[in-house]
Amino acid sequence: MVTVVTHPLVQHKLSLMRDVRTGVKEFRELAAELSMLLAYEAMRDLELEPAHLQTPLRAGDFPMLSGKKLALVAILRAGLIMTDAIVNLVPAAKVGHIGLYRDPQTLLPVAYYNKLPADIAERRVFLTDPMLATGGSASAAIASLKLAGAQSIKLMTILAAPEGIAIVERDHPEVDIVTAAVDEGLNDHGYIVPGLGDAGDRIYGTK
Ligand code: PRP
Ligand code: URA
């Protein structure tokens, strides 16, 4: 299932990220803000249970998070900006990292790092990467999460291409995707069009 978050704040911030005139500092801030807004939607179905509390006025039962604990997993390097922001909302979440880069010739993901919470099988996993282009990186990351025992995985992206969504749905039909937009498609170099360019380079100023 794909959820496109159409909230005006999300759409406005995404358009600012697309703008070629947006510099590194603002791009980074927007990516962080957008990530928190996407998390609000992605975490909509977290379980609650009543906790007995005393307010300054009286005692009562009030909803608190319950159920499985959370793990945020970043696909390096661009996904890091998302987990760094979202962890502010869910400070008890554990954070994992999957290092993948896309080979510029083949566009296939190359793995270089993997460090996940040891108890990932018991956690709800939110996998983050701003860009879902060919889908190769996300699909490989989900496969390595499953290999580590993860049972509940949601993919959060800022921008998705229909091609990438199709690959994730083919390889991992049980994984829901939350994104701010689904663009037209990919160009010959595997970039999302109209897109926002190279997310990692724009976040870290490496171009
Ligand atoms: C970008 C992006 C995704 C991947 C998406 O990362 O952050 O991880 O490309 O492309 P795909 O869907 O076709 O696999 P990149 O490989 O540029 O690495 P970086 O984050 O280290 O810059
Ligand atoms: N990775 C990016 O950062 N941008 C794209 O458009 C495609 C892959």
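Scroll up to find the structure this text is about.
These numbers were taken from a predicted model, which means no experiment stands behind them. (Residues numbered from 1 in each chain as written. Chains lettered and ligands numbered in written order. Predicted model: local features only at pLDDT ≥ 70, side-chain atom pairs only at ≥ 80, totals over all residues. Heavy atoms only, no water.)

A. Spotlight on the environment of R170. You can see R170 is positioned in helix α5 (residues 162-171). On the basis of relative accessibility, which here comes to 59%, the residue R170 falls in the exposed class. As for R170 and S139, which are separated by 31 residues in sequence, their C-alpha atoms are 9.3 Å apart. (Helix = DSSP H or I, 4+ residues; strand = E, 2+ residues; numbered from the N terminus. Buried < 20%, exposed > 50% of the residue type's maximum accessible area, 1.4 Å probe, protein only.)

B. Structural context of the packing of aromatic side chains. Under the defined criterion, the tally for this structure stands at one aromatic pair. On the numbers, 6.2 Å between centres and 35° between planes, the contact of Y101 with Y112 is tilted. Placement of the pair is Y101 in strand β5 (residues 94-102) and Y112 in strand β6 (residues 109-115), with a sequence separation of 11 residues. Classification of Y101 by relative accessible area gives partly exposed; the value is 43%. Across from the ring centre of Y191, 5.5 Å away, lies the NZ or CZ of R102, which sits over that ring. (Phe/Tyr/Trp six-rings, centres within 6.5 Å; stacked < 30°, edge-to-face > 60°. Lys NZ or Arg CZ within 6 Å of the ring centre and 35° of its normal.)

C. Examining the site of ligand 2 more closely. In the region of ligand 2, the neighbouring residues are R102, M131, A133, G190, Y191, I192, G197, D198 and A199. The backbone of G197 places a nitrogen or oxygen atom 2.8 Å from a nitrogen atom of ligand 2. In this structure, A199 approaches ligand 2 through a main-chain N or O atom, which is 2.8 Å from an oxygen atom. When atom positions are compared with the pocket grids, ligand 2 is found to occupy the largest pocket. (Near = heavy atom within 4 Å. Polar contact = N/O pair within 3.5 Å; in protein donor to acceptor, adjacent residues only side chain to side chain. 1 Å grid on protein atoms, 1.4 Å probe; cavity = no way out; pocket = protein on both sides within 12 Å on 5 of 7 lines; lining within 4 Å. Sits in = over half its atoms within 2 Å of the grid points.)

D. Quick peek at helix α3 (residues 79-86). A large share of α3 lies buried, amounting to six of its eight residues. When α3 is considered as a whole, its buried residues turn out to be G79, I81, M82, T83, A85 and I86. Against α2 (24-42), β4 (69-76), β5, β7 (123-128), β9 (152-156) and α6 (199-204) lie the buried residues of α3. (Contact = heavy atoms within 4.5 Å.)

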